[in-house]
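Letter by letter, the chains look like this.
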Amino acid sequence: MDKYRFLPHTADGKFQAFGKTLEEAFGNAALAVASLVWDWEKIEPKVRHFVHVRGIDREQVLVKFLGEIVYLFETKRFLLGRVDGLRIRTEFASVSLEALLLGDVLAENHELHGDVKAVTYHDLKIEECGGFTVQVVVDL
Amino acid sequence: MDIEKIGENVWRIPREGDMRVPAVVYASDRLLDDLRRDQTLTQARNVACLPGIVRMSYVMPDGHQGYGFPIGGVAAFDPDEGIVSPGGVGYDINCGVRLLKTDFTEAEVTGRRKELLSGIFGAVPAGAGQGGGIKLDRTALREILVKGAEWAVANGYGSGEDLERTEESGRMKDAGADDISDRAMERGLPQIGTLGSGNHFLEIQKVDEIFDEEAARAFGLTGRGQVLVMIHCGSRGLGHQVASDFIEAMENAFGVAGLPDRELVHAPFKSAEGQRYYRSMCAAVNYAFANRQMIAHGVREVFARVLGTSRGMGQVYDVCHNVAKVDEHDVGGRSTRLVVHRKGATRSFGPGRPGLPAAYRAVGQPVIIPGSMGTASYLLAGTAAAEALSFGSTAHGAGRVMSRHEALRRFRGEKIRDDLARRGIELMSTSWKGVAEEASEAYKDVDEVVRVSHEVGLGRLVARVVPIGVIKG
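Residues numbered from 1 in each chain as written. Chains lettered and ligands numbered in written order. Predicted model: local features only at pLDDT ≥ 70, side-chain atom pairs only at ≥ 80, totals over all residues.

A. Spatial organisation of the overall build of chain B. Of regular secondary structure, chain B possesses 16 helices and 19 strands. The globule rule puts the C-alpha radius of gyration for 473 residues at 23 Å, and the 21 Å found for chain B is close to it. By principal-axis analysis of the C-alpha atoms, chain B measures approximately 60 × 50 × 50 Å. For chain B, with 473 residues in total, the buried portion stands at 63%. In chain B, the share of contacts with a sequence separation of at least 24, taken over all contacts with a separation of at least 6, comes to 78%. (Helix = DSSP H or I, 4+ residues; strand = E, 2+ residues; numbered from the N terminus. Rg over C-alpha atoms; globule rule 2.2 N^0.38 Å. Buried ≥ 20, exposed ≤ 12 C-beta atoms within 10 Å, placed from the backbone. Contact = placed C-beta atoms within 7 Å.)

Set out below in structure tokens:
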């Protein structure tokens, strides 16, 4: 199974990410976002960032989690290469996510090929059908 | 969906269902065909359902599908009964365009283009997530958020005349930095003075044709071959973070039930969340004004170094095309304060309108419409008619018709560079992939967009300019 695939969208980056579990699909969505700016498969796991986000529902948590990739890139020059130990917990009125992001700090030998401004809610879908598919549109 | 033609280049979606007002689309038959292919018309209808909307939900001639609100969308809300929405402004708050004039002719500049472009490329960082801008501390950044381009001028970047020739004089007075998150500050700090990527560019241009001599003279255009500089960028990561932060805050405060698209999330303008967003959005607008002010200063320094002088490099104007503003407008014969959202739309105030610089009061404000990479851009003048047609607004650019994905499949950046070079246009970019994504074929025909704007009366044609050198982020 592919981790993600990009779909045609006039203005921006629209993709679906897949997983046997919701956690796997969220992790693959993070790699899809990374793939818009750098080649995550070539990134050595030298640096780690622990992220924890909380939101009113799974959709908001997904948007905030993917927003972490953009934030860490812009402010810490962090290039994600791998997502570990991603956990999603649904509590009474909120959803929380924690994950360990592994990657490297941007250096001369890394090539960038795009930019992501923001993660949007437009056409955002989280679907379960024998596995999980999340669909996201990012503003480029 | 019903859509009826009610005049030449004017279409209406009648009120139905939950719509509080009709929607009006300004488009030629050809442009409407593009609009029908994506969700633009549905989005215009969704906007017409929002509380407190006044008169119509408008779509400008370059309209295309956005998130929640369409790009090229204009919607005004009653400040007492109505809402403010981050999705009605967009993620790149005060994405906008600044146009500088020069005393140079094409002949004087063509041979030095490469030096100019490399100089600007060095002075104005461009590309993905790039920092490397002007070094600032948080205290200075907070001042920028409150004072906008005024801060930049006070710190040696440009002159008071630039401020006079900037929308809102380069400073939204309602700005407040108190609700700007640490994340937004962190993203904004290293990026001030940088161009960014995507559709943002900086071009050395020449005047190609003048359609309205009187307005052109007022705007400082002297004739064919005059060299100009156009800067197209916005509030960078700071603005994107402000938008994301307040979409979340409004979801948390008001929930998401009943929204056809979560990007339509909104708050009553008078509510605490509405006011916090409005003040923070104004602060992000100020950041973008300061950003373009500092970039313009960098460009002038490079011209001075390479060509010996930057004399005559005054500002034509600076417009924002992603913004919400409290403007006075005529509603049923009464002057009324409204919260006007322009998302991918440019203000187009006509002659006599208060707030315009004295030099432009007789002809209307300059409206700067950037084309896509390597194509013509246009200078229009605001009209009195636009007031009744679109709350004083017109188009903001070409508008995409092809996905980046498809553009990448069809075009190669290096080939585009070679094709442009054959047409006398030098191109520098940080990313060939980015160049391919921004191929002019992926955009609507900007000539058609401005023709419709002119014919409907949203903005009157003044001049066409074409690039001779392009820097793409």
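B. Representation of the sheet that holds strand E4 (residues 78-90) of chain A. Residue and element names in this part refer to chain A. Reading across from one edge, E3-E5-E4 is the order of the three strands in this open sheet, with antiparallel pairing throughout. Of all strands in the sheet, those bounded by a partner on one side alone are strand E3 (47-55) and E4. Neighbour-to-neighbour, the strand axes of the sheet open up by a mean angle of 20°, direction not taken into account. Both E4 and strand E5 (residues 95-105) contribute to a ladder of ten bridges, which runs antiparallel. Looking at E5, one finds that Asp84 is bridged to Leu100. Each of E3, E4 and E5 touches helix H2 (residues 58-76); the most contacted strand, E3, lies at about 145° to it. (Pairing = 2+ DSSP bridges. Axes fitted to C-alpha atoms, helices over the stretch in contact; angles between N-to-C directions.)

C. Region of the structure containing the nonpolar core. Counting residues in hydrophobic clusters, the biggest one holds 198 residues, and the most contacted among them are Ala29, Ala30, Val33 and Leu66 of chain A together with Val25, Met281 and Val285 of chain B. When residues of this core are assigned to their parent elements, the largest contribution, 17 residues, is made by helix H11 (residues 272-307) of chain B. In contact with Val33 of chain A, not counting residues within four places along its chain, are Leu66, Ile69, Val116 and Val138 of chain A. (Core = buried A, V, L, I, M, F, W, Y, C linked by C-beta atoms within 7 Å.)

D. Inspection of unusual backbone geometry at higher detail. All names here are of chain B. For Arg55, which is not a glycine, the phi torsion comes out positive at approximately 70°. Among the secondary structure elements, Arg55 is positioned in strand E4 (residues 53-64). One non-glycine residue, Phe391, lies in positive phi territory at about 50°.

E. Representation of helix H1 (residues 29-37) of chain B in the model. Residues and elements named next belong to chain B. All of the buried residues along H1 are Leu31, Leu32, Asp34 and Leu35. All buried residues of H1 lie within an arc of 155° about the axis, which places them on one face of the element. Relative to its buried face, H1 has exposed residues pointing more than 90 degrees away, namely Asp29, Arg30, Asp33, Arg36 and Arg37. At its buried positions, H1 is contacted by strand E2 (10-13), strand E3 (23-26), helix H2 (40-48), E4 and helix H16 (446-456). (Arc of directions from axis to C-beta.)

F. Here's a closer look at the sheet that holds strand E1 (residues 4-7) of chain B. Residue and element names in this part refer to chain B. Sheet architecture is open: seven strands sit in the order E1-E2-E3-E4-E5-E13-E12, paired in mixed fashion. In this open sheet, the two strands that pair with only one neighbour each are E1 and strand E12 (322-331). Strand-to-strand twist in this sheet, taken as the mean axis angle between neighbours without regard to direction, amounts to 25°. The pairing of E2 with E3 spans four bridges and is antiparallel. Within the sheet, the bridge partner assigned to Val10 lies in E3 and is Tyr26.

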